[in-house]
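Topology and contacts: notes
Below are the chains, spelled out letter by letter.
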Amino acid sequence: MRKRINSIDLLRGIVMVIMALDHVRDFFHNDVYLHNPLDLKTTTPILFFTRWITHFCAPIFLFLAGISAYLMSLKKTKNELSLFLIKRGIWLILVEMIIVTLGITFNLSYAVIILQVIWAIGISMLILGILVRLPFTIILIISICIVFGHNLLDYPEAAHHYQVGFLWDLIHNGRFSFYPFAKGHGILIAYAFLPWTGIMLLGYCMGKLFEPSIDPLWRKKILIYSGSGLIILFIVVRLINHYGDPVPWSVQRNGIYSFLSFINVNKYPPSLLYISLTIGTALIFLAITENLNNKITSIFIIYGRVPFFYYVIHFYLIHILDVIVLLFAGYNMKQIIVPNVPFHPEFGFDLGIVYLIWIFVVIVMYPLCKWYNRYKSTHRQWWLSYL
């Protein structure tokens, strides 16, 4: 039962590497504050895809966390699993608010507390920790209802012009809403948790396919059928253009931009079509890579085996590089560390330089991840399960 499933680690590792591109772009691109890279009026195809490809990261991250939770259930009692998931969920929420927020802002006063993907994983894990005591079928029904039905909430949100208040923003709307809680301090809600929880619950249920007793050929067939079904669902519902995403697609000035409009689905919060496209692709990938093993996959697997370590460290690495570059550009620390503004819109590089910095960050992270993976594999301290 201690044997790891390489296809899961491989997929997780690939999305971790891709994720770093988006965060490097945030800190180093000269256009990051001026234009939305997904705005078809101002973007270019390469800038669009630089941002769009990272859409696959967060949902796959949560989905695979759900699968891992199910695999953990094979060697823990329901009570043990429930307690572990609840404790780990609370821990991740605290990590997001304290450690990750600091890595993004470098502001020790915590003028802004950011709730994004680690928060979404934490609160979803906490909820899963409560639900694992229920029968498997009930958890599956709940996950399907959330994933396929949560876009019904788009209609009352639109009717209120998306001004729905703190609790609703926290649960479903999000959209980077900012709520002050003290003078000079506030919470930024990037990830409303309900749809993300649905993704993790769905991953938990799909984890059943990875039980040791399951025939690999049957698992591969189900993964391909399920993934293909979700992608077909994405295409059909997107063509209908009335449900599944709060922003309909439209014909643009040429075929390329019309295609970009078609695939430009909503991440905040993750729509049904966003989930169908990303998770459908992930399921097919898991099916075709189960027995894939070579030098290239072994590199990505290293990243995928230490995702939490990678996530936290890479933010600090990127931000430290940003500070170094700004110091060389003539900025002082008072200009660099600005409350509420972790990025600097007046400074940055073209997209080509951003890609080079991204590659550098990924290369630097490899020996660190390799060392920590080796340490984790050869030590059994209780606290390692939380890292």
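In this report, the structure presented in the accompanying data block is examined. Just so we're clear, the structure is a prediction, and the values are computed from it rather than from any experiment. (Residues numbered from 1 in each chain as written. Predicted model: local features only at pLDDT ≥ 70, side-chain atom pairs only at ≥ 80, totals over all residues. Heavy atoms only, no water.)

What about the layout of surface pockets?
To find leftover empty space, a probe the size of one water molecule is rolled over the atoms. Taken as a whole, the second largest pocket holds about 1300 Å³ of empty space. Sorting the residues of the lining of the second largest pocket by element identifies helix H1 (6-28), helix H3 (57-73), helix H4 (78-105), strand S1 (112-115) and helix H14 (307-328) as the ones contributing at least two each. With seven residues, the single largest contributor to the lining of the second largest pocket is H1. Broken down by class, the residue content of the lining of the second largest pocket amounts to 27 nonpolar, 13 polar and eight charged. (1 Å grid on protein atoms, 1.4 Å probe; cavity = no way out; pocket = protein on both sides within 12 Å on 5 of 7 lines; lining within 4 Å. Points joined across faces, edges and corners; volume = space filled by probe spheres on them. Helix = DSSP H or I, 4+ residues; strand = E, 2+ residues; numbered from the N terminus. Nonpolar A, V, L, I, M, F, W, Y, C, P; charged D, E, K, R; others polar.)

Description of the pattern of salt bridges
Pairs can form between side chains of opposite charge whenever their charged atoms are close. Considering all chains together, one arrives at seven salt bridges under this definition. One salt-bridge network, in which partners are shared between bridges, spans Asp22, Arg25, Asp26 and Arg51. (Salt bridge = Lys/Arg side-chain N within 4 Å of Asp/Glu carboxyl O.)

Notes on the nonpolar core
Residues Phe63, Val117, Trp119, Ile121, Tyr191, Tyr204 and Tyr310 are the most contacted members of the largest nonpolar core, which totals 116 residues. Here this core takes 13 residues from H3, the largest share from any one element. For Tyr310, the contacting residues outside a window of four places in its chain are Met16, Val17, Met19, Ala20, Tyr303, Val362, Met365 and Cys369. If you look at the next biggest cluster of nonpolar residues, it comprises five residues, including Val323, Leu326, Ile336 and Phe347. (Core = buried A, V, L, I, M, F, W, Y, C linked by side-chain atoms within 4.5 Å. Buried < 20%, exposed > 50% of the residue type's maximum accessible area, 1.4 Å probe, protein only. Contact = heavy atoms within 4.5 Å.)

Considering the state of the cysteines
Simply put, disulfide is the name for a covalent bond between the sulfur atoms of two cysteines. Enumeration over the complete set of coordinates arrives at zero disulfides. The thiol of Cys57 is unpaired, and the distance to the nearest cysteine sulfur, on Cys369, comes to 15 Å. Since its relative accessible area comes to 0%, Cys369 is described here as buried. (Disulfide = S-S within 2.5 Å.)

Considering helix H5 (residues 117-131)
Over its 15 residues, H5 extends 21 Å from the first C-alpha to the last, a length consistent with the 21 Å expected when each residue adds 1.5 Å. When you tally the buried positions in H5, you get 13 out of 15 residues, the bulk of the element. (Expected span 1.5 Å × (residues − 1).)

Notes on the packing of H14 against helix H16 (residues 351-378)
One can describe the packing of H14 onto H16 by two numbers: an axis separation of 10 Å at closest approach and a directional angle of 140 degrees. Taken together, the axes of H14 and H16 are oblique relative to one another. Seen along the crossing, H14 lies across H16 with a hand that is right-handed. Counting all contacts with H14, which are made through Phe309, Tyr310, Ile313, His314, Leu317, Ile318 and Leu321, the residues of H16 involved are Phe360, Val361, Val362, Val364, Met365, Leu368, Cys369, Trp371 and Tyr372. Taken together, the residues of the contact of H14 with H16 sort by class into 15 nonpolar, one polar and no charged. (Axes fitted to C-alpha atoms, helices over the stretch in contact; angles between N-to-C directions. Parallel < 35°, antiparallel > 145°, perpendicular 65-115°, else oblique. Left-handed = near helix turned anticlockwise from the far one by under 90°.)

Points about the packing of H1 against helix H2 (residues 45-52)
Two elements in contact, H1 and H2, have axes whose closest approach is 8 Å; the angle formed by their N-to-C orientations is 120 degrees. Overall, the two elements H1 and H2 adopt an arrangement that is oblique. The segment H1 lies against H2, with Leu21, Asp22 and Arg25 engaging Leu47, Thr50 and Arg51. Residue composition of the contact of H1 with H2, grouped by class: two nonpolar, one polar and three charged.

So, the sheet that holds S1
Taken together, the three strands give an open sheet; going across it, the order is S1-S3-S2, and neighbouring strands pair in mixed fashion. Bordering the open sheet on either side are S1 and strand S2 (177-182), each of which pairs with just one other strand. Between one strand axis and the next, the sheet turns through 20 degrees on average, direction left out of account. Note that S2 and strand S3 (residues 185-189) share five bridges and pair antiparallel. Bridged to Tyr179 within S3 is Ile187. (Pairing = 2+ DSSP bridges.)

A few points about the environment of Leu71
Within the secondary structure, Leu71 sits in helix H3. With 16 residues separating them along the chain, Leu71 and Lys87 place their C-alpha atoms 18 Å apart. The residues contacting Leu71, other than those within four sequence positions of it, are Ile5, Ile8, Gly207 and Phe210.

Geometry only, nothing functional implied.
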